[in-house]
Amino acid sequence: METLLQDARYAYRTLRKAPGFTAVIVISIALGIAANTTVFSIANGLLWGVLPVKDPGRLVAFAEGESLSYPDFIDYRDQTPQVFEGGVCAHFPLIPASLGAQSEPERIWGQAVSGNYFSVAGVTPALGRGILPSEDQVPGRDAVVVLSHALWRRRFASNPSIIGREAVLNGQRYTVVGVTPPGFTGTDRGLLAEFWVPLAMAEQIMPDLAKDQPRATRNNQWLTLNARLKRGVSHAQAVAAVNVVKKRIDDTYRKDERQHQPPMTLDPAGGLLAGSQTPAVSLMAVLMVVVGLVLLVACANVANLLLARATGRQREVAIRLAMGASRRRLIRQLLTESVLLALGGAAVGFVLAAVAAHAISSFELPLPFPVVFDFNVDLRVLAFTAGLSILTGILFGLAPALRATRPDLVAALKNETTVFGRVRGFGLRNALVVVQVALSLVLLVSAGLFLRSMQNASSIDLGMKPDNILLMAFDPKLHNYSREKTRQFISELRQRVSALPGVRSVSFVDTVPLSIGGTSYDFRAANGKGGAEQNANADVYSVGANYFETLGIPLLRGRDFSLKTDDEHVAIINETMASHLFGNEDPLGRQLVADKTSYTIVGLARNSKSRTLGEDAKNCAFLFLEAAPEKIVSFFGISLAVKTSASPRTLTRPVRAEIATLDPDLAVFNLDTMREHVDKSLLLPRISATLLGVFGAVGLTLAAIGLYGVMSYAVRRRTREIGIRMALGAEPGKVLRMVLGQGLAVTAVGLAIGLGIALVLGRFTASLLYGISGTDLLTFLAVPAVLVAAALPAIFFPAYRAARVDPTTALRYE
């Protein structure tokens, strides 16, 4: 230990003697580590973060790719006591609710849980208790609720006497029995749950759950299951026990499907919802590869600078070797310097990553429910950064240390420079610069493709006009509004809002376009294209009168929905659906059947974007919301769309006042403008373009630094040779061209290798791009030009200094 401290002190004193050199290396390392730490923080929050529960390593989630039914839950709970501590628990992960009675009503999200949920999860409430098994026995009997710590602080002013008091959810009174500890928002990563009620209350708090199928039927699969492994029970034993129960269930109730049923797996609890894990892992894999390239560029750059610096330290190393120092001792000393540099860069990089991760945590997705990920750095991220810094220090310091401790002793003691890697050949330093240039080009091409994709996404024809539209949602169904009461409320709200100054038109929609989710139906046209029956699956929107005018979607033929006629059984379809079902024939007046209901087509709308910006034209059908508001899914509620003549935000307060006048207990949520909503749809391409743009700029900067360092030291090593050439009559221009040619040759080799790699990778990224291919010609022409433009100054200035060498001075050099 004493020897290591001595090495560290000596390394520190040595680095202080070269502050400019040290600063360049620390910055290079900081940029590489910042990129890697930022992406690791994202992956940690998205995939690996630890749940704030007791002994989270023993908590598992049943993962079948889909949810399970209530009878399935009972079977797994009752038939696996030998492997699970406290049995199996269940929860429904997303329940919307309107919280009232205390102040302005607020839309919040919670969960329905089994009576053993909190004990199995290992959550000790900060106040009160969790839900008891006895409170989860009789449907609708025990109206109790556990509040999240954040909700308790925000809406109940951290009242320590909250236990036993009432909270009003969807107009019903629930007795507060507990408050969760800070930080706990459920066992589903990313979902923000703020209250928990018994499963037995699920049908009361969310009536839609039992509308089509009772919760206790075997084919109504709606629950997520968790369990806690008993101490001494292995993961494999638990999986085997669970699959014994699964086989019994399949043999008894799913005989026709059992050949297609995969085995049950048990995954660590706290994962993403089914269907989200694979895309998230793919995205993080791509980002980790990209930042890995950035770190390699930084390591190659630093290794090059250390190799060049070792040239000036040959005499020092030779003297120490001649005095008896072992080569191992010198290698350790030089590696200590490298690790110190890496730790300094890691400290700076960690701060940069913390700022970047915090900024990314604030991004919002265009979803109807809250999705919250904590990407802020924690101890795991700190450990990753520390480990990465040490590995980086060894990685970029080993080759220079090995070469520096093998000098030609006689030449070094005479103060003659020994060349590590051939002067005129393609030595190690040139090879490292080639690696930097190649990887930088790959990063810049990736950034260019995503920036061009972002530009295309921003200019995509939406098929609508999103400017000057105010959006806000409400959910009368959660307050048990009848069909007639909902129609009356919508009618009065339309009249009141339409009368406000600056309002041009008003309409309603169940799901705002570009919300990454919604309803779809299978439609059948008995007399479709060619007189034959045709079928089509279509995204379905329930919309109010004037919807197409409000959103700026042209009606090509037919009419809009009318408040003066009974339009319950009419539909408007878009061009794609009309072409799919009827070809070139006139769709107006034709009949469609969906969900056992017949609709007459009365209008044809222009194609517009439905769920995502990058989608091809989809089948879309529009039904009349005001004729059948009871069909609205509570998940989304009803969105009010107000077309304004000025800034839509100026009407926020007046519109909310009109809603409160009609029903003061009705929560208003998802308040936005249509333009802001569309911009949120650009979140992923914007993040991708921004990150890759930053990483590409970092790679370009590092490559330029590396080129400058190599050329500068090459000129320094060849000062005597250049002086001889000029003394023998060589012109400065010839010397300039010689040095420029060497630098450009290294750059050209790096460009050629980088273009080959970028062409291969471009084919894999094509599916993530909007409107361009992964081998976009403009990008592949522009990026090498940009890189050459950045490389030229780094090559030219050392070459210019070489051309100005004084032969007399050069011949006395060293």
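Scroll up a little and you will see the structure.
Residues numbered from 1 in each chain as written. Predicted model: local features only at pLDDT ≥ 70, side-chain atom pairs only at ≥ 80, totals over all residues. Heavy atoms only, no water.

Undergrad: For the pairing of strand β10 (residues 221-229), give the residues involved together with the corresponding values.
TA: Most of β10 sits out of view: 8 of its 9 residues are buried. The pairing of strand β1 (residues 59-63) with β10 spans 3 bridges and is antiparallel. When the sheet's bridge partners are listed, L59 is paired in β10 with R228. Relative to β10, strand β2 (residues 68-69) runs antiparallel, the two sharing 2 bridges. In the sheet register, S69 faces β10, and the bridge partner there is Q221. Taken together, the 5 bridges between strand β3 (residues 84-100) and β10 define a ladder with antiparallel strand orientation. When the bridges of β10 are listed, V88 appears paired with A227. (Buried < 20%, exposed > 50% of the residue type's maximum accessible area, 1.4 Å probe, protein only. Helix = DSSP H or I, 4+ residues; strand = E, 2+ residues; numbered from the N terminus. Pairing = 2+ DSSP bridges.)

Undergrad: Could you give an account of the nonpolar core, naming the residues involved and the relevant values?
TA: M284, Y547, F548, F561, F622 and F695 are the most contacted members of the largest nonpolar core, which has 95 residues in total. In terms of residue count, the dominant contributor to this core is helix α13 (residues 428-458) (14 residues). Each residue touching Y547, except ones within four places of it in the same chain, is listed here: S507, F508, V509, P513, I553, D560 and F622. (Core = buried A, V, L, I, M, F, W, Y, C linked by side-chain atoms within 4.5 Å. Contact = heavy atoms within 4.5 Å.)

Undergrad: An account of the packing of helix α2 (residues 19-48) against helix α10 (residues 327-361) is requested, with residue identities and associated values reported.
TA: Angle between the axes and distance between the axes are the two parameters that describe a pair of packed helices. Orientation of α2 relative to α10, taken along the N-to-C sense of each, is 40°, at an axis distance of 6 Å. Considering the angle they form, α2 stands oblique to α10. Crossing handedness for the pair α2 and α10: right-handed. Taken together, the residues of the contact of α2 with α10 break down into 17 nonpolar, 7 polar and no charged. (Axes fitted to C-alpha atoms, helices over the stretch in contact; angles between N-to-C directions. Parallel < 35°, antiparallel > 145°, perpendicular 65-115°, else oblique. Left-handed = near helix turned anticlockwise from the far one by under 90°. Nonpolar A, V, L, I, M, F, W, Y, C, P; charged D, E, K, R; others polar.)

Undergrad: Give a detailed account of the packing of aromatic side chains, specifying residues and quantitative values.
TA: Under the counting rule described, the total for this entry stands at 19 aromatic pairs. Between F40 and F384, the aromatic rings sit 4.0 Å apart at their centres with planes inclined by 0°, giving stacked as the arrangement. Note that F40 is positioned in helix α2 and F384 in helix α11 (residues 379-404), a separation of 344 residues in sequence. A relative accessible area of 10% means that F40 is categorised as buried. Between F118 and W196, the ring centres sit 5.9 Å apart and the planes meet at 75°, which makes this aromatic pair edge-to-face. In this pair, F118 is assigned in helix α4 (residues 117-121) and W196 in strand β9 (residues 195-198), connecting sequence segments 78 residues apart. Both residues of the pair, F118 and W196, count as buried. Aromatic ring contacts, followed pair by pair, group Y117, F118, F184 and W196 into a single cluster. The residue whose ring lies beneath K485 is Y481, and the NZ or CZ to ring-centre distance is 4.3 Å. (Phe/Tyr/Trp six-rings, centres within 6.5 Å; stacked < 30°, edge-to-face > 60°. Lys NZ or Arg CZ within 6 Å of the ring centre and 35° of its normal.)

Undergrad: Residue-level account of unusual backbone geometry, with values.
TA: Leaving glycine out, the prevailing phi sign among residues is negative, and the prevailing peptide bond configuration is trans. In this structure, A157 is a non-glycine residue whose phi angle is positive, near 55°. In this fold, A157 is placed in the loop between α5 (149-156) and β7 (166-169). In this structure A157 comes out as exposed when scored by relative accessible area, which is 64%. The backbone of N480 shows a phi angle near 60°, a positive value even though the residue is not glycine. By the secondary structure assignment, N480 is in the loop between β12 (469-474) and α14 (483-498). With relative accessibility at 51%, the residue N480 sits in the exposed group.

Undergrad: Could you give an account of the packing of helix α20 (residues 719-727) against helix α21 (residues 732-765), naming the residues involved and the relevant values?
TA: Here α20 crosses α21 at 145°, and the two axes come no closer than 10 Å. For the pair α20 and α21, the crossing hand works out as right-handed. Facing α20, whose interface residues are I722, R725 and M726, α21 presents P732, V735 and M738. Partitioned by chemical class, the residues of the contact of α20 with α21 number 5 nonpolar, no polar and 1 charged.

Undergrad: Talk me through the layout of surface pockets; I want residue IDs and the actual numbers.
TA: The computed volume of the second largest pocket comes to approximately 550 Å³. Along its surface, the second largest pocket is lined by 21 residues, and P52, G183, T185, R189 and D374 are the ones closest to its centre. Its residues placed into classes, the lining of the second largest pocket shows 8 nonpolar, 8 polar and 5 charged. (1 Å grid on protein atoms, 1.4 Å probe; cavity = no way out; pocket = protein on both sides within 12 Å on 5 of 7 lines; lining within 4 Å. Points joined across faces, edges and corners; volume = space filled by probe spheres on them.)

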